[in-house]
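# Structural features, examined
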Amino acid sequence: MQKYSIFNLVKNAFANHQNWDLAWKDPTPKKEYDVVIIGGGGHGLATAYYLAKEHNITNVAIIEKGWIGGGNVGRNTTIIRSNYMHDDNALFSEFGMDLWRKMSQDLNYNVMFSPRGIINLAHSDAQMNVYARRGNSMRLNGIDAVLLNREQVREIIPMADFSENVRFPIFGGLMQPSAGTARHDAVAWGYARQADSMGVDIIQNCEVIGFDISGGKINGVRTSRGDIKAKKIGLCVAGSTNVLAEKLNMTLPIETHLLQACVSEPVKPVLDGVVTFGAGHFYISQSDKGEMVMGGDLDGYNSYAQRGNLPTLQHVLTEGIAMMPFLSKLKMLRTWGGIMDMSMDGSPIIDKTHIEGLYLNCGWCYGGFKATPASGWTFAHTIAQDRVHELNSGYSLNRFNTGHLLDEKGLGTKTWIS
Amino acid sequence: MRSQNEFSYGGDATVKRPDLNKEISDQEWDNFVYNRKSLRGKHWELWQHISGCRQWIKVERDTATHEIFMTLKANEEISL
Ligand SMILES: Cc1cc2nc3c(=O)[nH]c(=O)nc-3n(C[C@H](O)[C@H](O)[C@H](O)COP(=O)(O)OP(=O)(O)OC[C@H]3O[C@@H](n4cnc5c(N)ncnc54)[C@H](O)[C@@H]3O)c2cc1C
């Protein structure tokens, strides 16, 4: 594989950039693979990469119904963090933070990881107490957390509303300085390019339409481009999990919902970190191009529409303007939506299933982009070794049955209850 | 026509609470509390006219197009 470097950039500039290798190939599907990964989003691509890199399993295909990166990995607002209270979430996410810090070097692809910090705003004394508790839990798990008072928050985000008569005054906030953002497309492309170079077949425009199961064991998938046999199959289809679960005769603790996001026209730099509103659900950051990137609540009812409705957007932006009044002056550039695999406790599932050779990766809710490397790494381990890793042992499918929920916020699919 | 803002969502309307005064397995509770089909296409679901008459209703809606096919009162049975 051609290495991306300043030297190669200069060399190729002399040839008018006509001689670059393709970043990944367009192979015709083989009859059989050791492992088939369904879904060419961030998690599927990362899983294939770590299967090859960590476990030397390279006879692998990624089957993607559209184009790689066309799902949620290309639709999210790119917030990367590990500010969780529960051990299972904290240790898994912090393991991921380490992978994020090394990702550009590891993939030889600039994913523009930018640890610019995240601040969760608090609007009452009670909320400050809750944040102090979460911050302490984070620090016990080796994650950086700083509790900020009102004045310290004002220094970092002077454009927030610090006037006297507001409905939700800013009391302070919890900051994770090492959190940040990355370029989502580059993450998908970087994993794809490396996986391809190690022998993984990336098969696009190929939809999985059924499964070949006999005697409780998986034998392969039926696709729009013919049957493909595989010893092991990993499901990484995010918002399409319920659809494929039905074909497997499984009913999962997952509901499919729609999440919107939007960006404003680009403006001069005003905000260098990520900020979340603590009295509702709204978050904001500024992209490198200058657009304000914003999002918040789910539309609130089961949806496969991939594009949202205005009442929710209006609600979310009202919160935004309450937090940072200057936003009301900005023009909206784009809005879009993605369909989300909302789990019932708000935490994901990375596990084996009752079908031998079939592995499940789903339930990512709002937070699956940041999980991309850790999810790929642990899912590859689960598939290769046929057992879960310590890091994803809390993300079991049967926790709903046994009562070991990982309810970080106690919201699950009904996030509008908060 | 009423604004969508007046309504609040109550989830899958086909899920039934296990019968009272009966031995109920963990699996039955699991299915009632957590497991959902949530498919693409026609979906029977509960809505409440929360900023209006406060009645609960059952609505058959397409989860991809949002087209509404049929509505029932909360106590009317869905005939699938
Ligand atoms: C608006 C929005 C904002 C978000 N913001 C954040 C954020 O700030 N931080 C964060 O951490 N997370 C965020 N998320 C969540 C995150 O994007 C997702 O959890 C994550 O991307 C899901 O994993 P994925 O990348 O593998 O999914 P996807 O990219 O959706 O990949 C799934 C793939 O499976 C394919 N597929 C589906 N069915 C089939 C089939 N039958 N056959 C073959 N292929 C199939 C799809 O085409 C798709 O490409 C956000 C999501 C949205 C929608």
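Only a predicted model underlies this, so the values are computations on that prediction, with no experimental measurement involved. (Residues numbered from 1 in each chain as written. Chains lettered and ligands numbered in written order. Predicted model: local features only at pLDDT ≥ 70, side-chain atom pairs only at ≥ 80, totals over all residues. Heavy atoms only, no water.)

## Some thoughts on the interface of chain A and chain B
Between chain A and chain B, the residue contacts involve 22 residues of the former and 19 residues of the latter. Across the chain A to chain B interface the summed buried area is about 2100 Å²; carbon plus sulfur atoms make up 51%. Of all residues in chain A, Tyr301, Asn302 and Tyr304 of chain A give up the largest surface area on contact with chain B, accounting jointly for 28% of the area buried on that side. Linking chain A to chain B there are zero salt bridges. Our count for the chain A to chain B interface comes out at 11 residue pairs in polar contact (both at pLDDT 80 or more). For the side of chain A that touches chain B, the secondary-structure elements that each account for two or more residues are helix H7 (241-247), strand E12 (254-266), strand E15 (291-302) and helix H10 (399-402) of chain A. (Contact = heavy atoms within 4.5 Å. Buried area = accessible area lost by both parts, 1.4 Å probe. Salt bridge = Lys/Arg side-chain N within 4 Å of Asp/Glu carboxyl O. Polar contact = N/O pair within 3.5 Å; in protein donor to acceptor, adjacent residues only side chain to side chain. Helix = DSSP H or I, 4+ residues; strand = E, 2+ residues; numbered from the N terminus.)

## Some points on the nonpolar core
All names here are of chain A. Ranked by size, the top nonpolar core spans 46 residues in total, and within it Ile37, Leu45, Tyr50, Trp100 and Tyr191 carry the most contacts. Those elements that place two or more of their residues in this core are strand E1 (32-38), helix H2 (42-55), strand E2 (60-63), helix H3 (87-107), helix H6 (184-197) and helix H9 (372-385). For Trp100, the residues in contact, after removing those within four places along its chain, are Ile80, Phe113, Ala182, Val187, Phe369, Lys370 and Pro373. Counting 31 residues, the second-largest nonpolar core is a separate cluster that includes Val208, Ile355, Leu358 and Phe400. (Core = buried A, V, L, I, M, F, W, Y, C linked by side-chain atoms within 4.5 Å. Buried < 20%, exposed > 50% of the residue type's maximum accessible area, 1.4 Å probe, protein only.)

## Things to note about the environment of Phe32 of chain B
Residues and elements named next belong to chain B. Here Phe32 lies in helix H1 (residues 26-33). A relative accessible area of 24% means that Phe32 is categorised as partly exposed. Separated by 14 residues in the primary sequence, Phe32 and Pro18 place their C-alpha atoms 7.3 Å from one another. When near neighbours in sequence (up to four residues on either side) are disregarded, Phe32 contacts Val15, Lys16, Arg17 and Pro18.

## Focus on the pairing of strand E6 (residues 172-176) of chain A
All names here are of chain A. Judged by how many residues are buried, E6 sits mostly within the fold: five of five residues are covered. Burial along E6 is two-sided: the residues Gly172, Leu174 and Gln176 and Gly173 and Met175 are all buried. When strand E4 (residues 118-122) meets E6, the two strands line up antiparallel, connected through five bridges. The partner of Ile118 across the bridge, within E6, is Gln176. (Pairing = 2+ DSSP bridges.)

## A look at the site of the ligand
Residue and element names in this part refer to chain A. Around the ligand lies a shell of 38 residues, among which Glu64, Asn72, Thr77, Tyr366 and Lys370 are the nearest. A distance of 3.4 Å separates an oxygen atom of the ligand from a polar backbone atom of Thr78. In the complex, the protein chains occlude 96% of the 1000 Å² of accessible area that the ligand would expose alone. Those elements that provide at least two residues to the shell around the ligand are H2, E12 and strand E16 (332-343). A per-class count over the shell around the ligand returns 18 nonpolar, 15 polar and five charged. (Near = heavy atom within 4 Å. Areas by Shrake-Rupley, 256 points an atom, 1.4 Å probe, with all protein chains shown as cover. Nonpolar A, V, L, I, M, F, W, Y, C, P; charged D, E, K, R; others polar.)

## Here we look at the sheet that holds strand E3 (residues 56-62) of chain B
Residues and elements named next belong to chain B. Reading across from one edge, E1-E2-E3-E4 is the order of the four strands in this open sheet, with antiparallel pairing throughout. Each edge of the open sheet is held by one strand with a lone partner, namely strand E1 (8-12) and strand E4 (68-73). Each neighbouring strand pair of the sheet contributes to a mean axis angle of 30°, computed without reference to strand direction. (Axes fitted to C-alpha atoms, helices over the stretch in contact; angles between N-to-C directions.)

## Quick look at helix H4 (residues 125-140) of chain A
Residue and element names in this part refer to chain A. Look at H4: 23 Å from first C-alpha to last across 16 residues, which is about the 22 Å you get at 1.5 Å a residue. Those residues of H4 lying buried are Gln127, Met128, Tyr131, Arg134, Gly135, Ser137 and Met138. At the C-terminal side of H4, Gly142 shows a positive phi close to 80°. (Expected span 1.5 Å × (residues − 1).)

## Concerning the confidence of the model for chain B
A residue-level look at chain B finds 99% of positions with pLDDT of 70 or above and a mean pLDDT of 94. Overall fold confidence for the complex sits at a pTM of 0.97, while the interface term, ipTM, reaches 0.95. (pLDDT = per-residue confidence, 0-100.)

## Overview of a nonpolar patch on the surface
All names here are of chain A. Together, Ile6, Phe7, Leu9, Val10 and Phe14 make up a nonpolar patch on the protein surface, roughly 610 Å² of accessible area in all. Here Ile6 shows up in helix H1 (residues 6-14). By relative accessible area, Ile6 is classed as exposed at 65%. (Patch = residues over 30% accessible without salt bridge, like charges linked within 9 Å, V, L, I, M, F, W, Y side chains within 5 Å.)

## Describing the sheet that holds E12 of chain A
Residue and element names in this part refer to chain A. The eight strands are arranged E5-E6-E4-E13-E14-E15-E12-E16 in an open sheet whose pairing can be described as mixed. Lying at the two open borders of the sheet, with one neighbouring strand each, are strand E5 (146-149) and E16. In this sheet, adjacent strand axes meet at a mean angle of 25° when their direction is disregarded. Sheet strands touched by H4: E4, E5 and E6. Its angle to E6, the strand with the most contacts, is close to 20°.

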